[in-house]
Each structure stands twice: as C-alpha cells, then as structure tokens.
Amino acid sequence: MNSVFVVAEIGINHNGSVEIARQLIEAAKWAGADAVKFQKRTVDVVYTAEELTHPRESPFGITNGDLKRGLEFGTDEYEQIDDWCFFNNIHWFASPWDVGSVGFLQKFDVPWYKVASACITDLSLLHAINGTQKPVIISTGMSTIEQIGKAVWCFPDRRDVSLLVCTSTYPAKVEELNLSRIHTLMELFPQFKIGYSGHEVGIWTTLCAVAMGAEIVERHITLDRSMWGSDQAASLEPKAFKKLVEEIRTFEQAFGDGALRILESELPLVTKLRRFK
C-alpha cells in the first residue's frame, strides 16, 4: 500500500501565539506528521458586522470580533511559520476561508490548498483555489453528495483532488463517524484519493479509517487538551499523535501484497510440524 499522508491540523490551537505555533510545529515533526495545517481568514469578509459585534467572552476581549481577530495570523506570523517549517523540514499549508486568503497563501507558494467542510459550498472560493493549479484536499463534513459533487466540478479535468470523510462536531461522537463513507466516496470518485479528517477522542477509529483505505489522515494537534480553545478537546496531544503515526506505519508494514505463499521464515516449521506435504 502507499504511505498514508498524515496531516497535523494546528488550525487555531495556537491561540493567537506564534510561540505556541512554533511548539506545535516542532511537536508535529517529532510525532512523525508529514505536514501541518493552519486556517486563514479575512475576518471582515468571512463574518458580518453583526456577527463580529456579538458578545463573546474570550482572552482577547468581549466580542466575537475580538476573538476572531485575536486568533488570526498575518504576514509577519506566517513568515515565521514558513521559516520554522523549513527549519524543521515539514510541509505546511492552510484552509483559506475567502478568496482574499487564497491570494495571501499564494505568496508563500503552499504545496496544497485545503477546503474546510464549512466552505465546500462557497463556489467562488473553490474556483479561486482551482486557479492556483495546486493540489486540493476537500473535507466533506456536513455535506450531501450533491454538494460534494458541485464542489468537485469546480476542479474540472483534475486528478489531484482528495476528499476527506469528516464529521463536523468537536469532539465527534463515535456513533456519528460513519466510516463507511470512505467506501462510498471510493465508489463515487475512483479517480481521487479518499482520506479521513477526524475530530473524535482517541486514535482507534482513525486507525480503522486507514484499514478501510484512507490514504490521507488529518487530526488536530494540541500541546494540552485542557488548554483554552474550541478545538482543543477534539485534538491529540503530541504523545498520542506520535502513537497514531507509529500505529499507521506499523499497519502499512503489516498490510502486505495479498499473495498466498509459504514464507521463507515458515519453511523450518513446515519441515517440523507438517506431516503431509
């Protein structure tokens, strides 16, 4: 089997701190992730003025706008992220939530673009991402097959599209993961890679997704699940993330080629234990 591509989703778990972002990048590298992912928004475009003025207590202030602006990184922060990822020899990319953020990320020549489940119906955004001609990974949480199909049509004649099964709750209930969707997407879109973006607690169900054929795995990473932040509880701490990657790599070794044959290591036992040839 091909090596599973493992993404450590940092998202907004940096809590607006470039120092925490640095620690998360280093933790993801230590854990064996292939890439880290962030989120990029133009706050005044993604959210209405009413949404931004809505009361919401946070370390950044008393409104939802204070929170959203406090969590958003700009050019200076992403230049540092770019440098840290280069130094740690790990890829980084992001989910742009608006057309302007696509242009922002183009300045860094990110190797992939991610479409968040919340953005799968924003066709203008998807067309902008298609215009970059970079590979794209699409999460399909809270989406119907019709919505997924419309999203895919925004990337005509392209085979570098990947679709991730996802349940968009934090943390997600095990009974709502519906991992069988991996096989459904494989049947509907055999030309694309199919993967899994998990928000559940623990690693076992993510390993099951790999056993079912997921070629890409994305899980949130955090320094501490008890930290402040909406995504922390649905994230894996570094040791758990490392364990997940190790188990995925062990499964890849165990998968084999499916051939029925006697192994060389079994030959002495054939001689010792088998009475009839």
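What counts, and where the lines are drawn
- Residues numbered from 1 in each chain as written.
- Predicted model: local features only at pLDDT ≥ 70, side-chain atom pairs only at ≥ 80, totals over all residues.
- Heavy atoms only, no water.
- Helix = DSSP H or I, 4+ residues; strand = E, 2+ residues; numbered from the N terminus.
- Buried < 20%, exposed > 50% of the residue type's maximum accessible area, 1.4 Å probe, protein only.
- Lys, Arg positive; Asp, Glu negative; His and termini not counted.
- Salt bridge = Lys/Arg side-chain N within 4 Å of Asp/Glu carboxyl O.
- Polar contact = N/O pair within 3.5 Å; in protein donor to acceptor, adjacent residues only side chain to side chain.
- Contact = heavy atoms within 4.5 Å.
- 1 Å grid on protein atoms, 1.4 Å probe; cavity = no way out; pocket = protein on both sides within 12 Å on 5 of 7 lines; lining within 4 Å.
- Points joined across faces, edges and corners; volume = space filled by probe spheres on them.
- Nonpolar A, V, L, I, M, F, W, Y, C, P; charged D, E, K, R; others polar.
- Core = buried A, V, L, I, M, F, W, Y, C linked by side-chain atoms within 4.5 Å.
- Axes fitted to C-alpha atoms, helices over the stretch in contact; angles between N-to-C directions.
- Parallel < 35°, antiparallel > 145°, perpendicular 65-115°, else oblique.
- Left-handed = near helix turned anticlockwise from the far one by under 90°.
- Arc of directions from axis to C-beta.
- Phe/Tyr/Trp six-rings, centres within 6.5 Å; stacked < 30°, edge-to-face > 60°.

(A) Representation of the side chain of Asp 98. Of note, Asp 98 is situated in the loop between β5 (91-96) and α6 (99-106). One buried charged side chain, Asp 98, makes no salt bridge at all; its nearest oppositely charged neighbour is Arg 41, positioned 7.3 Å away. Among the polar contacts made by the side chain of Asp 98, one reaches the side chain of Ser 101 at a distance of 2.8 Å. Once residues within four sequence positions are removed from consideration, Asp 98 is found in contact with Lys 40, Arg 41, Thr 42, Val 45, Val 46 and Leu 125.

(B) Layout of empty space enclosed by the protein. Scanning all chains against the criterion turns up one cavity of 30 Å³ or more. Together, Ile 12, His 14, Gln 39, Arg 41, Leu 71, Glu 72, Phe 73 and Tyr 78 line the largest cavity. Class assignment for the residues of the lining of the largest cavity results in four nonpolar, two polar and two charged.

(C) Examining the nonpolar core more closely. One finds Ile 25, Val 36, Phe 38, Trp 92, Leu 163 and Phe 241 to be the most contacted residues of the largest nonpolar core, which totals 75 residues. In terms of residue count, the dominant contributor to this core is helix α1 (residues 18-31) (seven residues). Residues contacting Leu 163, with those up to four places away along its chain left out, are Ile 138, Thr 140, Ile 148, Val 152, Leu 185, Phe 189, Phe 192, Lys 193, Ile 194 and Gly 195.

(D) Highlighting the environment of Lys 242. With respect to the helices and strands, Lys 242 occurs in helix α11 (residues 238-255). The partly exposed category is assigned to Lys 242, whose relative accessible area is 24%. Between the C-alpha atoms of Lys 242 and Val 18, which are 224 residues apart in sequence, the distance is 22 Å. Beyond its immediate sequence surroundings of up to four residues, Lys 242 is in contact with Trp 30 and Ala 31.

(E) Local environment of the packing of α1 against helix α5 (residues 75-87). Where α1 contacts α5, the axes come no closer than 10 Å and their chain directions differ by 20°. The angle between α1 and α5 falls in the class roughly parallel. In the crossing of α1 with α5, the sense of the turn from one axis to the other is right-handed. Counted together, Val 18, Arg 22 and Ile 25 of α1 and Glu 77, Gln 80, Ile 81, Trp 84 and Cys 85 of α5 form the full contact between these two elements.

(F) Structural context of the pattern of salt bridges. Scanning all chains against the criterion turns up 14 salt bridges. When the shortest N-O distance is used, the salt bridge between Lys 134 and Asp 109 registers 2.7 Å. With Lys 134 in the loop between α7 (123-131) and β7 (136-139) and Asp 109 in the loop between α6 and β6 (113-115), this residue pair connects regions lying 25 residues apart in the sequence. What makes Asp 109 exposed here is its relative accessible area of 55%. In this structure, Asp 257 and Arg 261 form a salt bridge, with 3.3 Å as the shortest nitrogen-oxygen distance. Residue Asp 257 is classed as exposed on the basis of its relative accessible area of 58%.

(G) Layout of α6. Residues Ser 101, Val 102, Phe 104 and Leu 105 constitute the buried set of α6. Considered in projection along α6, the buried side chains sweep an arc of 160° and stay on one side of the axis. As for α6, its buried residues are in contact with β2 (35-40), α5, β5, β6 and α7.

(H) Main features of the layout of surface pockets. In this structure, the largest pocket spans a volume of roughly 620 Å³. Gln 39, Arg 41, Trp 97, Tyr 170 and Asp 231 are the residues nearest the centre of the largest pocket, which is lined by 34 residues in total. Counting only elements with at least two residues in the lining of the largest pocket, the list comes to β2, β3 (55-58), α4 (64-71) and β10 (216-220). Of the residues assigned to the lining of the largest pocket, the class counts are eleven nonpolar, 13 polar and ten charged.

(I) Representation of the packing of aromatic side chains within the structure. Overall, the coordinates contain 13 aromatic pairs when judged by the stated rule. On the basis of an interplanar angle of 70° and a centroid distance of 6.1 Å, the ring pair of Phe 60 and Trp 228 is categorised as edge-to-face. With a gap of 168 residues between them, Phe 60 in the loop between β3 and β4 (61-63) and Trp 228 in the loop between β10 and α11 connect regions that are remote in the sequence. A relative accessible area of 31% means that Phe 60 is categorised as partly exposed. A centroid spacing of 5.7 Å and a plane angle of 65° characterise the contact between Trp 92 and Phe 108, whose relative ring orientation is edge-to-face.

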